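The residues making up each chain are set out below.
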Amino acid sequence: MADPRRVEFGDFLRSRREKLTPKTVGLPAGSRRRTAGLRREEVAQLAGIGVDWYIRLEQGRTVSPSVTTIDALARALRLSKTEHAHLKALARDGDRRTFTREIVPPSIRRMIDSLNQPAYITGRRWDVLAWNDAAEQVFAFGQLPERDRNTLLLIMTDKQRRKLYGASWTDIAKGMVAMFRATHDVWAGDPAFAELLTRLRQGSPEFVKWWEAHEIRSTISGRKAMSHPTLGVLNFEHTSFQANDDSALKLVIYTPV
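Per chain, the residues get numbers from 1 upward, laid out in the order the sequence is written. Side-chain atom pairs in this predicted model are given and counted only at pLDDT of 80 or more, local residue features only at pLDDT of at least 70, and totals for whole chains, interfaces and linings cover all residues. The basis for every side-chain value is the complete set of heavy atoms in the structure, and neither hydrogens nor water enter the calculation.

K.L.:
Got a minute to help me understand the overall build of the protein in this structure?
P.N.:
Looking only at helices and strands, the protein features 13 helices and five strands. Taking the principal axes of its C-alpha atoms as reference, the protein extends roughly 60 × 40 × 30 Å. For every residue, the accessible area obtained with a 1.4 Å probe (protein chains only) is divided by the maximum for its type, and the residue is called buried under 20%, exposed over 50%, and partly exposed between those limits. Evaluated residue by residue, the protein yields a buried proportion of 47% over its 257 residues. Residues count as neighbours in contact if any of their non-hydrogen atoms are within 4.5 Å of one another. Look at the contacts in the protein between residues 6 or more apart in sequence, and 57% of them connect residues 24 or more apart. Only the protein chains shown count as cover for residues, and all accessible areas are computed by the Shrake-Rupley method using a 1.4 Å probe. As displayed, the protein has an accessible area near 13,700 Å², and 51% of this comes from carbon and sulfur atoms. We treat Lys and Arg as the positive residues and Asp and Glu as the negative residues; His and chain ends play no part in the count. A single reference atom marks each charge: NZ on Lys, CZ on Arg, CG on Asp, CD on Glu. The positive charge centre, built from 41 side chains, and the negative charge centre, built from 30, are 5 Å apart in the protein. Each helix is a run of H or I in the DSSP string that is no shorter than four residues. Each strand is a run of E no shorter than two, and both are numbered from the N terminus.

Here is the structure:
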């Protein structure tokens, strides 16, 4: 069977290739172009690699491109820094252990409990693992079954969360899909990630459309406005931090503005 990470690597190459035009990269448009984007041989030419080799990469075959090849592909496909880093991550022989739900150390739990503003901890799969009283007031994580406490699942499939963000829901949700894509691809094929992906596909037509676009985005801070059913209009700045105890753990803090 094909390595799921290599399949995602090839799909990402294809998605970036189809977004470019000959004009964008300084090539003649030519004629009889049946599909949008560059041809495979054009990308190979721009990257300075063999066409057969590029085709094998895009097909997700079990080949190991060098760092030099990855960098050449990134230049040819006009990748952003985030996309370039993602391509490198997929090319590496990563950790093949099966995903297990993380455990939040007591010291981190005590730290978030001491905060007055909403704060919670997520894991690699974006499961919500711990939260404080202020976060419970806003997000009501404690009222949900454990398997549903996942930030992406909630925003994509929960009608109340959609109402919470109002007109900004589309931008927020689409951005989260692009950020989660970067995480998922590294864990492609893992049963826990596959199970989450199935639930997202079944629960949200928007997710299916955005997922197929294979957009990649890094995690960024920002502002969110919410229309809470009991607390009224809420405006927050949100930011996240990685835990030294376990790099998979992420602290998310919402500061009122």
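K.L.:
Looking at this structure, I do not really get the layout of surface pockets. What am I missing?
P.N.:
Leftover empty space is mapped by rolling, across the atoms, a probe with the size of a water molecule. Here the largest pocket is characterised by a volume of approximately 930 Å³. Lining the largest pocket are 36 residues, with Arg124, Thr183, Trp187, Gln242 and Ser247 sitting closest to its centre. Sorting the residues of the lining of the largest pocket by element identifies helix 6 (81-91), helix 11 (169-186) and strand 4 (232-242) as the ones contributing at least two each. Note that Gly is not counted as nonpolar here; it falls among the polar residues with everything else outside the nonpolar set of Ala, Val, Leu, Ile, Met, Phe, Trp, Tyr, Cys and Pro and the charged set of Asp, Glu, Lys and Arg. For the lining of the largest pocket, a count of residues per class yields 13 nonpolar, 13 polar and ten charged. Quantified by volume, the second largest pocket comes out at close to 570 Å³. Both site types are read off a 1 Å grid over the protein atoms alone. A 1.4 Å probe that fits but cannot get out defines a cavity, while an open set with protein on both sides within 12 Å along at least five of seven lines defines a pocket; lining residues have an atom within 4 Å of a point. As for the second largest pocket, its lining consists of 30 residues, of which Met176, Met179, Lys224, His238 and Tyr254 are closest to the centre. Grid points are joined across faces, edges and corners, and a volume is the space filled by probe spheres set on the points.

Function cannot be inferred from these measures alone, as they are strictly geometric.
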